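Each chain is listed here by its residues.
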Amino acid sequence: MSKRFSQSAFLRPQFFRTRPPPRRSFTAGANRSNSSRWANGAAIAVISLSGFVFAMMSQKPVKLDARSLAELDERTKREKGVDENSPMRLRMEQFIREQQKAIVFELEKLDGKSFREDTWTREKGGGGVSCVLQEGNVFEKAGVNISVVYGTLPKPAIAKMRVNHKNLAEADELDFYALGLSMVLHPQNPMAPTVHLNYRYFETMLPDGTPQAWWFGGGSDLTPSYLFDEDAVHFHKTLKEACDKHNKDYYPRFKKWCDEYFNNTHRGESRGIGGIFFDDLDETVADADNTFAFIQDCLKSFLPSYLPIMQKRKDMPFTAKEKEWQQVRRGRYVEFNLVHDRGTAFGLNVPGSRVESILMSLPLTASWRYMYEPEPRSREQRLVEVLKNPKEWV
C-alpha cells in the first residue's frame with residue numbers, strides 16, 4: 001500500500017528466540033521431521049557463518065545472498081535475542097510480533113471465538129504468521145497478518161525506487177528486507193465500521209548484510225457503512241494524539257495523504273472516512289530510532305481507537321435494508337483493493353508470495369447492484385456526501 005513501490009503488501013499482511021507454539025501450525029514442509037529440519041537448518045547456518053568468518057580473515061569482500069542473510073538473522077535471534085542495539089529490522093519484527101499477539105488476544109475477547117493461526121515460510125528467506133477469524137460472533141471476517149520477505153531487487157526495480165530514494169545504491173541488483181503487519185476487520189453488524197491497519201519497514205542491504213537504505217510506512221483508517229460522527233471524532237482524535245507526541249505536523253499531513261490515497265477515483269469517492277497514511281519515512285524526515293518510536297505509538301493506539309467504537313456498535317439492531325447497504329459498501333471496498341491498491345499489486349507480483357494472506361483483506365461477502373443509489377436525505381446519502389467531500393474531524 002504505498003504510494004510508490006508500496007512495500008506494504010509485502011505484506012498483507014504476514015518470527016523470536018522463544019515463543020509458545022501456535023495453536024495450529026501449517027508450516028511449509030510439515031512432512032519433514034522437526035529434527036531433520038533443525039539439522040538441515042543448523043548445517044546451512046554453520047556453513048554460511050564459516051564462509052563469512054573465513055572471508056573476514058582473508059580480508060576479502062563478503063557477499064551474502066538474501067537466503068544467507070535470513071539464516072544469519074534467525075541465528076542472531078536464537079543466540080543473542082533482540083535488544084536496542086540489534087539491527088532495526090529485527091527490532092521492528094519483534095515489536096510487530098508482540099502487537100499481533102496483543103491485538104488478536106483483545107479481538108478474541110471481543111468476539112468470543114478464536115483465530116485460526118497459520119505459520120508459513122518462504123524458500124528464499126522469511127515467512128509469516130496469518131491469523132484469520134471467519135464467521136465469528138462479532139466479525140464476519142478478520143485478519144491480522146505478519147509477512148517477512150528477504151529478496152533481491154532487479155535493476156529496473158532499483159531505478160524505479162531511486163525516484164523517491166536518492167540514497168538507494170545504483171547497482172544491477174540489491175538484496176532487500178521487507179516486513180509488515182497488516183490487519184482488516186469486517187464486522188457482522190452494519191452499524192459497526194470496518195477498519196484497516198498496516199505498518200511496515202523496508203531495507204536494502206550491502207553485500208555484507210549491513211543496511212544500505214531504509215524507510216517506514218503505515219497507517220490506519222476507518223470505513224463505516226453508517227456514519228456516527230462521535231466515532232469518527234474518537235478514531236481521528238486517538239490517531240492525532242499519537243502523532244502529536246512526535247511532530248504536530250504529522251497528523252494533518254498524514255490525514256490528507258490518507259484521504260488522497262484511499263480513493264476510488266473511478267467512483268469519485270473515498271473508500272472510508274480516513275485516518276492516517278504515510279510512506280517512505282526515511283532519514284530525510286527523522287532518524288531511524290525516532291521514526292521507530294513514532295511507529296510504535298501509532299500501532300499501540302489502534303486498540304484504544306477502535307475497541308470503544310465496537311463495544312457501542314456491535315449489538316445495535318439493524319434491518320435487512322441496512323445489511324444490504326453494508327454489502328454494497330463492501331463491494332466498493334473490494335474495488336479499491338483490487339483496482340487501486342498498489343500494495344496488493346506489489347504483493348501478488350512478489351515471487352513466492354502467499355496469495356491467501358494478501359487477499360485476506362477482502363470481505364467474506366459483498367454485493368454489486370446495478371445503478372444502486374441511496375435515497376435522498378437518508379443516512380446512506382449522508383455517508384456518500386462525506387466520502388465525496390472528506391471532513392476534518394478534529
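Residues numbered from 1 in each chain as written. Predicted model: local features only at pLDDT ≥ 70, side-chain atom pairs only at ≥ 80, totals over all residues. Heavy atoms only, no water.

**Overview of the overall build of the protein**
Stage number 1. When helices and strands are counted, the protein shows 12 helices and 9 strands.
Stage number 2. Burial analysis of the protein (394 residues in total) assigns 54% to the buried set. (Helix = DSSP H or I, 4+ residues; strand = E, 2+ residues; numbered from the N terminus. Buried < 20%, exposed > 50% of the residue type's maximum accessible area, 1.4 Å probe, protein only.)

**Points about the confidence of the model for the protein**
Stage number 1. Averaged over every residue, the pLDDT of the protein is 84; the share at 70 or more is 83%.
Stage number 2. Note that pLDDT drops below 50 for residues 1–62; the model gives that stretch 162 contacts with residues more than four away or on any other chain. (pLDDT = per-residue confidence, 0-100. Contact = heavy atoms within 4.5 Å.)

**Thoughts on the pattern of salt bridges**
Stage number 1. Tallied over the full model, the rule gives 28 salt bridges.
Stage number 2. Residues participating in the shared-partner salt-bridge network are Glu 74, Lys 77, Glu 93 and Arg 97. (Salt bridge = Lys/Arg side-chain N within 4 Å of Asp/Glu carboxyl O.)

**What about the packing of helix α7 (residues 288–300) against helix α8 (residues 302–313)?**
Angle between the axes and distance between the axes: these two values describe a pair of packed helices.
Stage number 1. Interaxial distance between α7 and α8 falls to 4 Å at its minimum, and their mutual angle equals 15°. Comparing the axis directions of α7 and α8 gives the class roughly parallel. Within the contact between the two elements, α7 uses Cys 298, Leu 299 and Lys 300 and α8 uses Phe 302, Leu 303 and Pro 304.
Stage number 2. Taken together, the residues that form the contact of α7 with α8 break down as 5 nonpolar, no polar and 1 charged. (Axes fitted to C-alpha atoms, helices over the stretch in contact; angles between N-to-C directions. Parallel < 35°, antiparallel > 145°, perpendicular 65-115°, else oblique. Nonpolar A, V, L, I, M, F, W, Y, C, P; charged D, E, K, R; others polar.)

**Looking at the pairing of strand β3 (residues 139–154)**
A regular strand places its side chains on the two faces of the sheet in alternate fashion.
Stage number 1. Burial analysis of β3 places 14 of its 16 residues in the buried class, the great majority of the element.
Stage number 2. Pairing of strand β2 (residues 126–134) with β3, which is carried by 9 bridges, proceeds in the antiparallel orientation. Looking across to β3, one finds that Leu 133 is bridged to Ala 142.
Stage number 3. Both β3 and strand β4 (residues 173–187) contribute to a ladder of 15 bridges, which runs antiparallel. When the sheet's bridge partners are listed, Val 149 is paired in β4 with Ala 178. (Pairing = 2+ DSSP bridges.)

**Some words on the environment of Trp 325**
Stage number 1. Within the fold, Trp 325 resides in helix α9 (residues 320–340).
Stage number 2. We classify Trp 325 as buried; its relative accessible area is 2%.
Stage number 3. Considering only alpha carbons, one finds Trp 325 and Pro 374, 49 residues apart in sequence, at a separation of 8.6 Å.
Stage number 4. If sequence neighbours within four positions are ignored, Trp 325 has contacts with Ser 225, Tyr 226, Tyr 372, Pro 374, Glu 380, Leu 383 and Val 384.

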